[in-house]
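Each chain, written out:
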Number of protein chains: 2
Amino acid sequence: MNRQSRFSQFLESRNLRSTAGRRVMLQEISALGERHFSAEDLVARFRRRGRAVSRATVYRTLEHLLAGGLVRRLSLGHKHSLYESNLGRRHHEHLICLRCGEVTEFGSGTLERLLDGVCRRRRFVAQRLSIQLFGMCARCAEEGRAKRN
Amino acid sequence: MNRQSRFSQFLESRNLRSTAGRRVMLQEISALGERHFSAEDLVARFRRRGRAVSRATVYRTLEHLLAGGLVRRLSLGHKHSLYESNLGRRHHEHLICLRCGEVTEFGSGTLERLLDGVCRRRRFVAQRLSIQLFGMCARCAEEGRAKRN
DNA sequence: GTTACTGCAAATAGTTTGCATGGAT
DNA sequence: ATCCATGCAAACTATTTGCAGTAAC
């Protein structure tokens with residue numbers, strides 16, 4: 001099932017209406033592919049393309065997309081949230097470089113199985129994982145080493 | 001090495017001064033044991049005990065304690081940060097119940113080794129892990145099941 | 001004596017909300 | 001016709017900051 005129809009279905013299932021703003025948002029988010037984006041990024045992109053969607057609507061729609069599992073919200077150490085499209089993507093988590101800000105992704109079946117085990121043992125029903133490793137990427141670590149020598 | 005002397009040492013190493021406010025904060029945080037607390041919690045506790053430390057100082061001192069590794073900052077899904085004392089504690093991560101808000105901890109050597117491997121392979125130097133599982137605790141899941149039947 | 005620390009209040013930034021109007025069903 | 005969605009601006013919340021006075025070294 002594609003993004004469009006998943007969204008329509010979600011809207012219908014909750015008695016939400018298919019409006020221009022919502023369709024544009026879904027479209028724009030699809031266009032962003034695997035990139036991370038903030039609410040503000042979206043507002044700016046809409047402006048640039050002359051299809052204004054207000055900040056309020058962006059935030060409200062993001063809530064719906066989150067509830068419907070079409071996007072994922074990330075906490076990568078900024079005071080604002082970032083989001084990423086969540087359709088047709090393998091589960092993954094993030095490595096964040098504290099020096100240059102680079103964000104890379106990693107996924108691991110072993111990791112997921114391990115956490116599944118943790119949950120099963122505690123009869124905890126996980127709905128959402130949030131895993132981030134903060135540190136220094138290879139390049140920055142290398143530069144740091146060079147400087148110290 | 002105990003908390004007090006680790007803190008003194010940290011202050012000294014950075015040319016920071018040992019002030020009343022900072023000592024009181026360290027004390028109060030020790031008294032909180034393994035509990036999680038917000039910046040605001042601390043301000044309130046100081047008020048109640050008649051040893052006022054201003055909000056600004058609380059935030060500024062928390063920064064130092066974080067830098068010195070004496071406390072850890074947690075993102076448990078609120079808009080404010082929570083903190084926990086980080087001395088004499090085994091590494092652990094958190095399970096957060098989205099229904100009742102209960103937070104439980106879990107630690108796993110296997111998990112740490114696994115993530116170490118991920119980092120080594122990418123030559124990423126991890127400084128800090130942030131792992132949260134959001135979902136439903138055993139009790140809430142049970143109640144949910146009961147209600148649906 | 002020098003320099004760092006503190007408290008206050010104001011500033012900041014991201015996000016949320018009330019309300020009047022417009023649009024989907 | 002109903003009731004949900006939108007835009008605007010104002011509200012809100014956690015956190016940060018400038019500054020003038022105070023305390024540690």
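Residues numbered from 1 in each chain as written. Chains lettered and ligands numbered in written order. Predicted model: local features only at pLDDT ≥ 70, side-chain atom pairs only at ≥ 80, totals over all residues. Heavy atoms only, no water.

Draft legend 1. Structural context of the relation of the copies chain B and chain A. With an RMSD of 0.1 Å, chain B superimposes on chain A once it is rotated by 180 degrees and translated 0.0 Å along the axis. With respect to symmetry, the two chain copies, as superposed, fit the operation of a two-fold axis. Closest approach to the rotation axis among the C-alpha atoms of chain B is made by I131 of chain B, whose C-alpha sits 2.2 Å away. The overlap is high: 100% of the interface residues of chain B also sit at the interface in chain A, so the same surface is used on both sides. (Least-squares fit on C-alpha atoms with pLDDT ≥ 70 in both. Contact = heavy atoms within 4.5 Å.)

Draft legend 2. How the structure looks around the environment of A141 of chain A. When you line up the elements, A141 of chain A lands in helix α6 (residues 138-148). Beyond its immediate sequence surroundings of up to four residues, A141 of chain A is in contact with M136 of chain A together with V125 of chain B. (Helix = DSSP H or I, 4+ residues; strand = E, 2+ residues; numbered from the N terminus.)

Draft legend 3. Just the protein's contact with DNA strand C, in detail. With respect to spatial proximity, 19 residues lie near DNA strand C, and among them R17 and Y59 of chain A together with T19, R22 and T57 of chain B are the closest. What you see for DNA strand C is that sugar and phosphate hold 63% of its atoms within 4 Å of the protein. Between DNA strand C and the protein, one listed contact pairs a phosphate oxygen with a side-chain N or O atom of S54 of chain B at 2.8 Å. Contributions of two or more residues to the surface near DNA strand C are made by α4 (55-67) of chain A together with α4 (55-67) of chain B. Tallying contributions element by element places α4 of chain A first for the surface near DNA strand C, with four residues. Within the surface near DNA strand C, the residues separate by chemical class into six nonpolar, six polar and seven charged. (Near = heavy atom within 4 Å. Polar contact = N/O pair within 3.5 Å; in protein donor to acceptor, adjacent residues only side chain to side chain. Nonpolar A, V, L, I, M, F, W, Y, C, P; charged D, E, K, R; others polar.)

Draft legend 4. Quick look at empty space enclosed by the protein. Throughout the structure, instances matching the rule amount to one cavity of 30 Å³ or more. Taken as a whole, the largest cavity encloses approximately 30 Å³ of empty space. Among the residues forming the lining of the largest cavity, the class breakdown is three nonpolar, three polar and two charged. (1 Å grid on protein atoms, 1.4 Å probe; cavity = no way out; pocket = protein on both sides within 12 Å on 5 of 7 lines; lining within 4 Å. Points joined across faces, edges and corners; volume = space filled by probe spheres on them.)

Draft legend 5. How the structure looks around the domain arrangement of chain A. Residues and elements named next belong to chain A. For chain A, the domain assignment lists domain 1 (1-89) and domain 2 (91-149). If you average the C-alpha positions of domain 1 and of domain 2, the two centres end up 25 Å apart. With nine residues of domain 1 at the contact, the number on the domain 2 side is 10 residues. Each partner contributes to the roughly 740 Å² buried at the junction of domain 1 and domain 2, and carbon and sulfur atoms together form 47% of this total. Contact with domain 2 buries area across many residues of domain 1, yet R72, L76 and R89 alone supply 65% of it, more than any other trio. (Domains from an automatic or database assignment. Buried area = accessible area lost by both parts, 1.4 Å probe.)

Draft legend 6. Inspection of the interface of chain B and chain A at higher detail. Tallying the contact residues gives 31 residues for chain B and 31 residues for chain A. Of all residues in chain B, F124, L133 and F134 of chain B bury the most surface against chain A, accounting for 21% of the area lost on that side. Linking chain B with chain A are 12 residue pairs in polar contact (both at pLDDT 80 or more). Of all the elements in the fold, those that place two or more residues in the side of chain B that touches chain A are β3 (93-97), β4 (103-106), α5 (109-122), β5 (125-136) and α6 (138-148) of chain B. The element contributing the most residues to the side of chain B that touches chain A is β5 of chain B, with 12 residues. In terms of residue class, the side of chain B that touches chain A is made up of 21 nonpolar, six polar and four charged. The pairing of strand β5 (residues 125-136) of chain A with β5 of chain B spans 11 bridges and is classified as antiparallel. Bridge pairing links A126 of chain A to G135 of chain B in β5 of chain B. (Pairing = 2+ DSSP bridges.)

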